[in-house]
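Spelled out from the first residue to the last, the chains are:
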Amino acid sequence: MENPEHMSESRLPESLIQSLGVQLTPVRRLPPPWLRTAGWLLAVAAIALALLWHYGAEHMLRRWVAEPDIAVAGIGALITAVSAAWAAFTLGVPGRPAGWAWLPLPGLLLWVGASGLGCLRDIVVPGATVATAHQSGDCLMFIISLSLPLSALLVWLLRRACPLRPVLTAVMIGLASAAASAALLEICHGFAVAATDLVTHAIAVGIVVLANALMGGRLLQPALK
Amino acid sequence: MSAALTATRPMVLDSVFPVWAGTDFAVSDAESATDVPERRRAAWMAAAQGGDRQAYERVLAESVPLIRTAARRQGVDADLADDVVQETLLTVHRVRHTYDPSRSYDAWLSAIAARRAIDALRSQGRRGHRELHDERAYDLHPAEHDAADATEREQAARRLHEAIATLPPGQREAVEQLGLKERSLAEASAHTGRQSGALKVNLHRAMKALRTRFHGEP
């Protein structure tokens, strides 16, 4: 036997349910987060190929051999980019836990840790080519200007999603695009990881993440308006 | 019993190891899934994504108590719960493509309902704040037959008409037919050639847009 209270509750929005039923059309399901992450990484890979074609891999490989911590930092940045993008796409699906936002943490620790160790080594072994303030400014511009299209692409790829935590999702977008830009910078970076350079990178990543958090929160909510 | 355990396993995994959360919730056979309520709802929603209207209306009807539970959990009063139900159903309709049939339907729905409940509470909070000021405004309001009063009412009516004119054609039509001309749904449907369901949804959206315009809230 039906519970009368339950019946009265169910009857209330009955007309709305019928109306929505009338308007029902088949929909194309959202592709899984890993597939959309792979789509975004294709764009990152295309930029990497273009940079390698222009600058060549020789300089980058020579730096990696001379200072392996730079290579480790670059790998950390790449892992951060992949995991943050994956987290952003996952947070775009209702019902997925907010704990996904922790996914980029290991990559981030590797990236920051290896960069920090590089700084220490340069203090212990002076004489390495370090960036001037002007050259650090170029790094800042590189990361910010490359992050802009990469962030825009992520927002566009999330246009059909429904992020119920839009600011957290936007932070993931900012982190993914800034980390990818920093990883791409390694291809054409001419300096050792000095404290000034590391601070510049951190400022650039901070600006990109903050800008995304401020704007992305609004951009990502069309489904909830 | 074992089926019920299978149904809830991915949710537990997802909260502990989100990356490796299993996808064995797949509802490949809608018929065999009907004995477990959650799997049944997942199967219905999957069918609804393909355009099955009957499955869609069933899953929405079964969703209502779940939405009310989610709203209660957020601290929504019974009188506000209807708004949360309505807003959640409309949101579900808009974002139904984001549901992944290999995962829990109830978790997907409850997350949307919780978000809509929070929106409703925020909106109520803002309204309460405004009403406090409105009360004071009422005390300070001039005499009933003040000449300025009539002018103010005329201006308010003009602003409302202007706002209605800026609505998308479908919503404007619903407001004009059902609100301004006070036609019944059947009359409006016959007059415009639109289905009554579409008129109702358009009216709801129009009211929401007007509320946002005048009060700055959805």
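Residues numbered from 1 in each chain as written. Chains lettered and ligands numbered in written order. Predicted model: local features only at pLDDT ≥ 70, side-chain atom pairs only at ≥ 80, totals over all residues.

A. Seen up close, the overall build of chain A. Of the regular secondary structure elements, chain A holds nine helices and zero strands. Going residue by residue from the N terminus, the α and β elements of chain A occur as α-α-α-α-α-α-α-α-α. When contacts within chain A are restricted to residue pairs at least 6 apart in sequence, those whose partners lie at least 24 apart make up 88%. (Helix = DSSP H or I, 4+ residues; strand = E, 2+ residues; numbered from the N terminus. Contact = placed C-beta atoms within 7 Å.)

B. Looking closely at the overall build of chain B. For chain B, the helix and strand inventory stands at 10 helices and zero strands. Within chain B, the fraction of its 218 residues that count as buried is 32%. Sequence-distant contacts, at least 24 apart, represent 54% of the contacts inside chain B between residues at least 6 apart. (Buried ≥ 20, exposed ≤ 12 C-beta atoms within 10 Å, placed from the backbone.)

C. Molecular detail of the interface of chain B and chain A. Counting residues at the interface gives 40 residues for chain B and 35 residues for chain A. Only helix 1 (2-16), helix 3 (37-49), helix 4 (53-73), helix 5 (78-94), helix 6 (105-140) and helix 10 (196-215) of chain B provide two or more residues apiece to the side of chain B that touches chain A. With eight residues, helix 4 of chain B is the single largest residue contributor to the side of chain B that touches chain A. When the residues that make up the side of chain B that touches chain A are grouped by side-chain class, the tally is 17 nonpolar, 12 polar and 11 charged. (Nonpolar A, V, L, I, M, F, W, Y, C, P; charged D, E, K, R; others polar.)

D. How the structure looks around helix 8 (residues 169-180) of chain B. Turning to helix 8 of chain B, its buried residues are Gln171(B), Glu173(B), Ala174(B), Val175(B), Gln177(B) and Leu178(B). Within two residues after helix 8 of chain B, Glu182(B) carries a phi angle of roughly 50°, on the positive side.

E. Layout of helix 3 (residues 33-55) of chain A. Here helix 3 of chain A is 23 residues long and its end C-alpha atoms lie 33 Å apart, about the 33 Å a rise of 1.5 Å per residue gives. Regarding helix 3 of chain A, the residues found buried are Pro33(A), Arg36(A), Thr37(A), Trp40(A) and Val44(A). (Expected span 1.5 Å × (residues − 1).)

F. Region of interest: the confidence of the model for chain B. Residue and element names in this part refer to chain B. Across chain B, the average pLDDT comes to 75, with 71% of residues at 70 or higher. Taken element by element, chain B is modelled with least confidence in helix 1, mean pLDDT 38, and with most confidence in helix 4, mean pLDDT 93. When the criterion is pLDDT under 50, residues 1-31 qualifies, and its contacts beyond four places in sequence or with other chains add up to 41 contacts. Scored as a whole, the predicted complex attains pTM 0.69, and scored at its interfaces, ipTM 0.78. (pLDDT = per-residue confidence, 0-100.)

G. Highlighting the environment of Leu105(A). Residue and element names in this part refer to chain A. Mapped onto the elements of the fold, Leu105 is located in helix 6 (residues 105-124). Judged by the 13 C-beta atoms lying within 10 Å of it, Leu105 falls in the partly exposed class. A sequence separation of 25 residues divides Leu105 from Thr80, and the C-alpha atoms of the two residues are 7.3 Å apart.

H. How the structure looks around the nonpolar core. Ala81(A), Ala85(A), Ala88(A), Met172(A), Ala176(A) and Ala179(A) are the most contacted members of the largest nonpolar core, which has 86 residues in total. Discounting chain neighbours no more than four positions away, the residues touching Ala88(A) are Leu154(A), Leu158(A), Thr169(A), Met172(A), Ile173(A) and Ala176(A). Within the second largest apolar cluster, seven residues are counted, among which are Leu178(B), Ala188(B), Leu203(B) and Ala206(B). (Core = buried A, V, L, I, M, F, W, Y, C linked by C-beta atoms within 7 Å.)

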